[in-house]
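# Structural characterization, general
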Amino acid sequence: MDLAMAQRLVDRRKAAGLSQEALAAQLDVSRQAVSKWERSESSPDTDNLIALAALYGVSLDELLYGQAANDADDLEDSSADTETADVADEAEDSAKHADCGDKPLVDISLTRGIHVIDPNKGEEVHVGWSGIHVTNKRKGEEVHVGPGGVHIDTLEDDGHSVRTNDDGTVTIDGETFSSWKEAHDKLDHHGKHFHTKVGRAWNKFPFPTLVTLAYLALGIVYGTWATGLFLVFLIPVYYALGDFIDRRSLSKLIDGVYPAAAIAWFLYMWLCLGQPHPAWIILIMIPIVKTLMRWCRKQWKCRKQA
């Protein structure tokens, strides 16, 4: 969202005599959400834009672009009343649709761009002239790609907060790095600092490149293009060993090695020997083993904290 629209939201709220807390209560959102709108850090979704327009008694175009829908002075008052009623009806219909339907809401406009909202997943995507903006309210994730660069504010799957700053720096879990390269050099693929120099060197070694070269060499010399693909399974095993060297966690070693070994053995027995049985039993044990390893880590963590 551009700064001009953010300032319009501030001006409209103040003109209505509302605080951020009061406005948030009326829209059933958090005060932090309202604050982000007014700082141009995020954009209100379609439902909230409609509700804001109805609350302030203006059209959506006037709220978004600062332009009145009807420039005739003598029709301004009646037009505003009509638009307010229409916006209120539209907001009510949109709310009913969001409550009873499970289809995403789509708005396509040449001036506003493409706006898609999935109320079930809490996801919102806006593609416009200012760039691409993606948010997930449930996970608290936000990504913006525009002329100013890439801005990320997200919690990834392993629970790490990642944000790119306006000055080009990167903040991960509250720690700021001068660039993505520096973050990559100092953190492992889990987003954590290395514990040992050996673990750091092990994980920074370009093992996938070595596997690729080995695959090409074996294919050219011996013609083993198909069976040589099994070398790919060495990559997750290599990094699992690196994590074990750096952190001494046996459960994570098993968690990383077992799936790769099980899949490789199953494919070998099935594709090379034509005997998928009983290899499939080892294959379906993967989620059980991973769950067991996570339980072991959780129990060990609880014992250390006790």
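Residues numbered from 1 in each chain as written. Predicted model: local features only at pLDDT ≥ 70, side-chain atom pairs only at ≥ 80, totals over all residues. Heavy atoms only, no water.

Residues Leu23, Trp37, Leu52, Tyr56 and Leu63 are the most contacted members of the largest nonpolar core, which totals 15 residues. Put simply, the parts of the chain that give this core at least two residues each are helix H1 (3-15), helix H2 (20-27), helix H3 (31-38), helix H4 (46-56) and helix H5 (60-65). The biggest single contributor to this core is H4, with four residues. In contact with Tyr56, other than residues within four places in its own chain, are Leu9, Arg12, Arg13, Ala16, Leu23 and Leu63. In this structure, Ile172, Phe177, Ala183 and Leu187 belong to the second largest nonpolar core, which totals five residues. (Core = buried A, V, L, I, M, F, W, Y, C linked by side-chain atoms within 4.5 Å. Buried < 20%, exposed > 50% of the residue type's maximum accessible area, 1.4 Å probe, protein only. Helix = DSSP H or I, 4+ residues; strand = E, 2+ residues; numbered from the N terminus. Contact = heavy atoms within 4.5 Å.)

Relative to the assigned elements, Gln20 resides in helix H2. Among the polar contacts listed, one links the side chain of Gln20 to the side chain of Arg31, at a separation of 3.1 Å. A distance of 2.9 Å separates polar atoms of two side chains, one belonging to Gln20 and the other to Glu38. Those residues in contact with Gln20, other than ones at most four positions away along the chain, are Arg13, Arg31, Val34, Ser35 and Glu38. (Polar contact = N/O pair within 3.5 Å; in protein donor to acceptor, adjacent residues only side chain to side chain.)

Nonpolar side chains collect at one region of the surface, where Val106, Ile108, Ile114, Val125, Val127, Ile132, Val134, Val143 and Val145 lie side by side and expose about 670 Å² of accessible area between them. Of all the elements in the fold, those that place two or more residues in the nonpolar patch are strand S1 (105-109), strand S3 (123-128), strand S4 (131-136) and strand S5 (141-146). Relative to the elements of secondary structure, Ile108 occurs in strand S1. (Patch = residues over 30% accessible without salt bridge, like charges linked within 9 Å, V, L, I, M, F, W, Y side chains within 5 Å. Areas by Shrake-Rupley, 256 points an atom, 1.4 Å probe, with all protein chains shown as cover. Salt bridge = Lys/Arg side-chain N within 4 Å of Asp/Glu carboxyl O.)

Once that is clear, we can look at the pattern of salt bridges. Enumeration over the complete set of coordinates arrives at five salt bridges. One salt bridge connects Asp255 with Lys290, and the closest N-O pair in it is separated by 2.8 Å. Within this pair, whereas Asp255 is found in helix H11 (residues 250-272), its partner Lys290 is found in helix H13 (residues 286-305), the two being separated by 35 residues in sequence. For Asp255, the salt bridge goes to Arg297, with nearest N and O atoms at 3.3 Å.

With that out of the way, let us pick up the packing of H11 against H13. Contact pair H11 / H13: the axes reach a minimum separation of 9 Å and the direction vectors enclose 175°. Judged by the angle between their axes, H11 and H13 are roughly antiparallel. Of H13, the residues touching H11 (which contributes Ser251, Lys252, Ile254, Asp255, Tyr258, Pro259, Ala262 and Ile263) are Ile286, Val289, Lys290, Met293 and Arg297. (Axes fitted to C-alpha atoms, helices over the stretch in contact; angles between N-to-C directions. Parallel < 35°, antiparallel > 145°, perpendicular 65-115°, else oblique.)

Before going further, it helps to examine the confidence of the model for the protein chain. Here the protein chain averages 78 in pLDDT, and 79% of its residues register 70 or above. Contacts from residues 68-80, a stretch scored under 50 in pLDDT, to residues over four places away or in other chains number six contacts. With pLDDT under 50 throughout, residues 82-87 is counted as low confidence; its partners more than four residues away or in other chains account for ten contacts. (pLDDT = per-residue confidence, 0-100.)

What follows concerns the environment of His133. Of note, His133 is situated in strand S4. On the accessibility criterion, His133 (10% relative accessible area) is buried. The contact partners of His133, leaving out residues within four places of it in the chain, are Glu41, Ser42, Ser43, Glu124, Val125, His126, Glu142, Val143 and His144.

This paragraph deals with the packing of aromatic side chains. Evaluation of the coordinates by the stated rule reveals eight aromatic pairs. Seen from their ring centres, Phe205 and Tyr238 are 6.5 Å apart, and the 50° between their planes marks the pair as tilted. Within this pair, whereas Phe205 is found in the loop between helix H8 (197-204) and helix H9 (207-222), its partner Tyr238 is found in helix H10 (residues 234-247), the two being separated by 33 residues in sequence. Taking the relative accessible area as the measure of exposure, Phe205 reaches 38% and is therefore partly exposed. Taking 5.7 Å as the distance between ring centres and 35° as the angle between the ring planes, the aromatic pair formed by Phe266 and Trp270 counts as tilted. One end of the pair, Phe266, and the other, Trp270, are both in helix H11, four residues apart, so they sit about a helical turn from each other. An aromatic cluster is present here, built from Trp202, Phe205, Phe207, Tyr238 and Tyr239 joined pairwise through their rings. (Phe/Tyr/Trp six-rings, centres within 6.5 Å; stacked < 30°, edge-to-face > 60°.)

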